[in-house]
Amino acid sequence: MYVILMGAQGSGKGTQAALIGPKLNLVKVATGDLFRAATEQKSELGLQVQAILESGNLVPDELTNAIVQVRLAQIAAAKAKGEDVAGALFDGFPRTEPQAQALDEILANQGESLTAVVEIDVPREKLVARLAGRRVCESCGTVYHVEADPPAVPGICNKCGGKLLQRKDDTPEAITRRLELYDDLTRPLLAYYAEQGVLERVDGDQDIQKVEQDLLDAIRSRAESMKA
Ligand code: AP5
Ligand code: MG
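Owing to the predicted nature of the structure, the values given are computational and were not obtained by experimental measurement. (Residues numbered from 1 in each chain as written. Chains lettered and ligands numbered in written order. Predicted model: local features only at pLDDT ≥ 70, side-chain atom pairs only at ≥ 80, totals over all residues. Heavy atoms only, no water.)

Side note on the sheet that holds strand β6 (residues 143-145)
Part 1: With antiparallel pairing, three strands are arranged side by side in an open sheet as β6-β5-β7. Strands with a single pairing partner mark the edges of an open sheet, and in this sheet they are β6 and β7 (164-165).
Part 2: Across two bridges, the pairing between strand β5 (residues 134-137) and β7 is antiparallel. Across the sheet, the residue bridging to V136 is L165, located in β7. (Pairing = 2+ DSSP bridges. Helix = DSSP H or I, 4+ residues; strand = E, 2+ residues; numbered from the N terminus.)

Shown next, in the form of C-alpha cells:
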C-alpha cells in the first residue's frame, strides 16, 4: 500500500502520519523530517539544504527524488524479507510535477502503484495560526500545538520528556514563502492525481481524532476497492 498525504503547510500531514502510519503498517517517508535530521547531524546533505529549509524554499527535485528512492528501496527490501511492512506513507512528497513523475516511475519499476492520495483540506486563514503555535519535541519529533493540542506540561514532551521547540521555518517570512510555493507548485498535483483516479479529500478543519478516522476510512475503502 502506497499512500500520499497532501495538503498545505500546517494542514496536519505530520500529525496524522504519526497516528495512521502505525495503524496501517506503513513506513513514514517524510522528506522534511529527513532533511531536518540531516541538518541536525550536520551531514554533507544537511549542510547543502540548511539554508534552503530555513528560507522556506524547496530542495532541488533531483536531490529529493534520490533520497526517496533510497527509502523506497529499503522498504521494498523489508517487505521482501517478510517484515511486517505494508508499504509507505508519504508526508511532504511529492511537491512538484517532476517529483510526482519520479515517484510513479519508481513505484512502477517495483511493480507497485499508488493506493490513495488524500488531500487534508484546511482553510487558508487557519494555517498561519497552526504554524505559529506549533511546537515540536527536539528528541522524538512529536508535534504539538500550544492551544489545539497542548502538552500536559508546557514546553515538555508527553511521550519522552524532551524539550519542545519552534521550527526554524515557522517564521512569518518563511511561512509566507512556503504557502506561496504550495499554491504554485504543489496544489496543481491535486489535478494530476484526480486524473489518475486516486484522489480523496478529507476535511482537515475538525479535531485531530476525527480527521484521523476520516483518513483511515478513505484509505481503507480505496485499498478494498483496489482488491476487488
Ligand atoms: P515539511 O517538514 O514537510 O514542512 P511543511 O511542508 O512546511 O509542512 P508542515 O510540516 O509545516 O505541515 P504539516 O501538514 O505537517 O502540519 P503539522 O502536522 O505539523 O518540509 C520542510 C521543508 O523541507 C520544506 O519547506 C522544504 O524546504 C523541504 N522539503 C521537504 N519536502 C520537500 C520536497 N518534497 N521537495 C523539496 N523540498 C522539500 O501541523 C501543524 C500544526 O497544526 C501543529 O501544531 C499541529 O499540532 C496542529 N494541528 C494538526 N492538526 C490539527 C487539527 N486537526 N486541529 C488543530 N490543530 C491541528
Ligand atoms: Mg510536517
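Thoughts on the site of ligand 1
Part 1: As a matter of local geometry, ligand 1 sits amid 34 residues, with T15, N57, R95, R134 and R178 nearest to it.
Part 2: Measuring from an oxygen atom of ligand 1, one finds a side-chain N or O atom of R134 at 2.6 Å.
Part 3: R167 is positioned with one of its side-chain polar atoms (N or O) 2.9 Å from an oxygen atom of ligand 1.
Part 4: When the free accessible area of ligand 1 is taken as 1000 Å², the share hidden by the protein chains comes to 96%.
Part 5: Residue assignment for the shell around ligand 1 shows that the elements contributing at least two residues are α1 (13-24), α2 (31-41), α6 (124-132) and β6.
Part 6: The biggest single contributor to the shell around ligand 1 is α2, with four residues.
Part 7: Taken together, the residues of the shell around ligand 1 break down into eleven nonpolar, 15 polar and eight charged. (Near = heavy atom within 4 Å. Polar contact = N/O pair within 3.5 Å; in protein donor to acceptor, adjacent residues only side chain to side chain. Areas by Shrake-Rupley, 256 points an atom, 1.4 Å probe, with all protein chains shown as cover. Nonpolar A, V, L, I, M, F, W, Y, C, P; charged D, E, K, R; others polar.)

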